[in-house]
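Single-letter residue listing:
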Amino acid sequence: MLSKLLRNLAGFSAASTSSRRFARPCYTAGLLSLACLVTTTYPMKTRESSSQGHSPTCDFRHASADGCGAAFCAIPPVDPKLAAKTKALFVAPAPQFPLTDTFLLHSRPTATKTIYLDFTGHSTTGTAWNSGGNTIVTAPYHFSGGSGSTFTDPELTQIQEIWQRVAECFSPFDVDVTTDTKFDLPANFPDLINSGGADTRWGIRVTIGDSSPDPAPSAGGVAYLGSFIWDTDTPTFVFSSRLANTGKYIADATVHEVGHTLGLSHDGRIVPSEGYYTGHGTGVTAWAPHMGVGYYVNLVQWSKGEYVSANNQEDDLAIIVSPVNNGWGGPNGFGYRVDDAADAFATAAPIGGVAAGTVFNIDQKGIIERTTDTDWYKISAGAGTINLNAVGANDNTMLDIQLELRNSTGGLIASNNPADQLTAAITQTVTAGTYYVKVDGVARTGPGTGTPPDEGYTEYSSLGQYRISGNCVVGSGPGGNVVASYNKNTKTLTLTGDKNANSVSVTYNTAMSTIEVLGLTGTKVNNKTAVQTYSHTGKLNLGAVMGDGNDSVYVIGVPASYLNLNLGSGNDSVGLQLCVVDKLFVDGGIGADALVTTTSTIPSGPPDKVIKNVP
């Protein structure tokens, strides 16, 4: 750890250049020469391993070599004319968290690899950008009256939007997209540096703002290829003012440049000859590749060159998660997230939700992590109507959803995938019984109209987060019995399940100052179907031992000193909604388990948060 920090603070030295894939940075004062940049085509360094068997190149307008073998690639700034035609399509999502938490955001805090979005200003020294001894100063991201370390509410709101959008594009992977300013402290620089050997924690800094001197005066952003695995805190730059200080454009440029640091090259076309493909189609299904330019379309995905006349067939996903080599010296060090839901009806866990009288209100979140992934959930429904609505993230979703309802043997009852939408919905009248919901990320076949022709897209990168809502009549289900007991002196609720598939909700009724325990999908509580109610004030201590079986525990609106949930073997799930938890301990046991938190405050990590056997 200390050696990593000392290397970072000491600056660039010839003794540690081998892992950076270059001999020495030779361009004047660490800057791209604009005259050369716009008149000369610079070849990139040949990959150490390339499935295409050729040396990829960056578009000559925004790519160069440092004169000594290293390659950096950029993305163009926003074209105001194109932006004016499409900007109305991109609605900024509402902040997910209080504005006071803007610089504490993490998409996957347990991950060991990090993408740090640095909005607070940074001085870049001792890196390949600083060969002339200069220091590149990136100013804090201000566009609405903020100054220095003080950010206005519109600025904080947009920072959260950018984080949400970038995090969604990396949601299939086991990598943390964060705004946590702890990475501004020298003591934490080593967590962005790959020092080799036993080191398991590294990542990339993305400085978002305007920089002086400017590393790439004609670009929207710039990065060194493969630098995610380097042994210096070498940032990628995103220039906010050339991206109209707009969340969508800044996020797209950030994902593109981080893609370069992970080893990816540009996606353009052969005919017409162009370095960046800006996409095709209209409306919400208009498509472009991340490594082209995605500013002007709604759906931006990773690619392997499956569109017409693509000039680059590299497999983005395979390069990102390769355990061997990203093509520029070694692996990025992370793979896909562990699958969070069953891939077949036989192992499906009960769908999330809460019963209200005779109505079961569905609320289930999930992630399609891989091209081949499908997610299945079980519904025990009474006679009546099943209503289902599935939507992707409302911030840079990559997921085109196909939703299916299937019977107790897995046979198809209904399917929905609107051609002009990314969402899906089903309304189906059913008899009482067991049903299954299947979520899949799918392709779209375009009509072939427009310029360029709308050819649609494959299912290759139809990935990311989704949420299923809806309702059905509460069914009887195959559930067993959960014994609930409450100790008023210690304010402790204990749940003990049998070997059956049990589903139970624990809700705090603030109006009545009561804890309410309700069995779902046929589960009884204390051998009763009625809600069990206990008078309670203050914080709750909840312990649950659910035994074997596909169990679900949903905790809603509960302030808790601790939650200790032992789910046993089976495909189990825990849902926390509107909860404030001081200490959280979850052991999923053997099986495909899931932990979903919605608008809840939980500890960030050990010792107060310990999650075992749950992705």
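Use the structure listed above.
From a predicted model like this one, the values you see are computed outputs, not experimental measurements.

S.K.: Is there a simple way to explain the sheet that holds strand β27 (residues 503-509) in this structure?
M.R.: The strands that make up a sheet are held in pairs by hydrogen bonds between backbone atoms, and each pair lies either parallel or antiparallel. If you walk across this open sheet you meet the six strands as β30-β28-β27-β32-β34-β36, and the pairing is mixed. Of all strands in the sheet, those with a lone pairing partner are β30 (532-535) and β36 (594-598), marking the two edges. On average, each strand axis in the sheet is inclined to that of its neighbour by 10°, with strand direction left out of account.

S.K.: Got a minute to help me understand the nonpolar core in this structure?
M.R.: General note: in soluble globular proteins, nonpolar side chains tend to be found buried as a group. Within the largest apolar cluster, 94 residues are counted, with the highest numbers of intra-cluster contacts made by I115, F170, F173, W302, L388 and I468. Broken down by element, the residue count for this core peaks at seven residues, all from helix α4 (residues 153-169). Other than its neighbours up to four places away in sequence, L388 contacts I362, I379, L403, L405, A424, A425, I426, V437, I468 and S469. Among the nonpolar cores identified, the runner-up in size contains 29 residues, and V517, V525, V553 and V574 belong to it.

S.K.: Would you mind going over helix α5 (residues 247-261) with me for this structure?
M.R.: Counted at 1.5 Å a residue, the expected span for α5 with its 15 residues is 21 Å, and the 21 Å between its end C-alpha atoms agrees. The buried fraction of α5 amounts to 15 of the 15 residues, a majority that puts the element mostly inside the structure. Phi turns positive, to about 110°, at G263, one or two residues after α5.

S.K.: Help me understand the environment of I159 in this model?
M.R.: Tracing the chain through its elements places I159 in helix α4. Given a relative accessible area of 0%, I159 falls into the buried group. With 64 residues separating them along the chain, I159 and P95 place their C-alpha atoms 9.1 Å apart. Leave out the neighbours within four places in its chain, and I159 touches T102, F103, F119, Y141 and F151.

S.K.: Mind showing me how you'd approach the packing of aromatic side chains here?
M.R.: Centre-to-centre distance and the angle between the planes together describe a pair of aromatic rings. Counting across every chain of the model gives 23 aromatic pairs. When the centroid spacing of 5.9 Å and the interplanar angle of 45° are considered together, the rings of F72 and W129 count as tilted. In this pair, F72 sits in strand β2 (residues 71-75) while W129 sits in the loop between β4 (122-124) and β5 (136-138), placing the two residues 57 residues apart along the sequence. W129 sits in the buried class, given a relative accessible area of 0%. Here W129 and F237 contribute two aromatic rings whose centre-to-centre distance is 5.4 Å and whose plane-to-plane angle is 80°, an arrangement assigned as edge-to-face. Linking W129 in the loop between β4 and β5 with F237 in strand β10 (residues 236-238), this pair joins segments that are 108 residues apart in sequence. An aromatic cluster is built from F72, W129, Y224, W230, F237 and F239, whose rings are joined through pairwise contacts.

S.K.: Is there a simple way to explain the pairing of strand β25 (residues 481-487) in this structure?
M.R.: The two faces of the sheet receive side chains in turn, since in a regular strand these alternate between them. Looking at chain direction, β25 and strand β29 (residues 524-525) are connected through two bridges and run parallel. In the strand pairing of β29, V482 is matched with V525. Strand direction decides the pairing type here: β25 and strand β26 (residues 492-497), joined by six bridges, are antiparallel. Bridged to V483 within β26 is T496. Hairpin remark: β25 followed by β26, antiparallel, with four residues in the connecting loop; positive phi at K491, about 55°.

Thresholds, definitions, all that
Residues numbered from 1 in each chain as written. Predicted model: local features only at pLDDT ≥ 70, side-chain atom pairs only at ≥ 80, totals over all residues. Heavy atoms only, no water. Pairing = 2+ DSSP bridges. Helix = DSSP H or I, 4+ residues; strand = E, 2+ residues; numbered from the N terminus. Axes fitted to C-alpha atoms, helices over the stretch in contact; angles between N-to-C directions. Core = buried A, V, L, I, M, F, W, Y, C linked by side-chain atoms within 4.5 Å. Buried < 20%, exposed > 50% of the residue type's maximum accessible area, 1.4 Å probe, protein only. Contact = heavy atoms within 4.5 Å. Expected span 1.5 Å × (residues − 1). Phe/Tyr/Trp six-rings, centres within 6.5 Å; stacked < 30°, edge-to-face > 60°.

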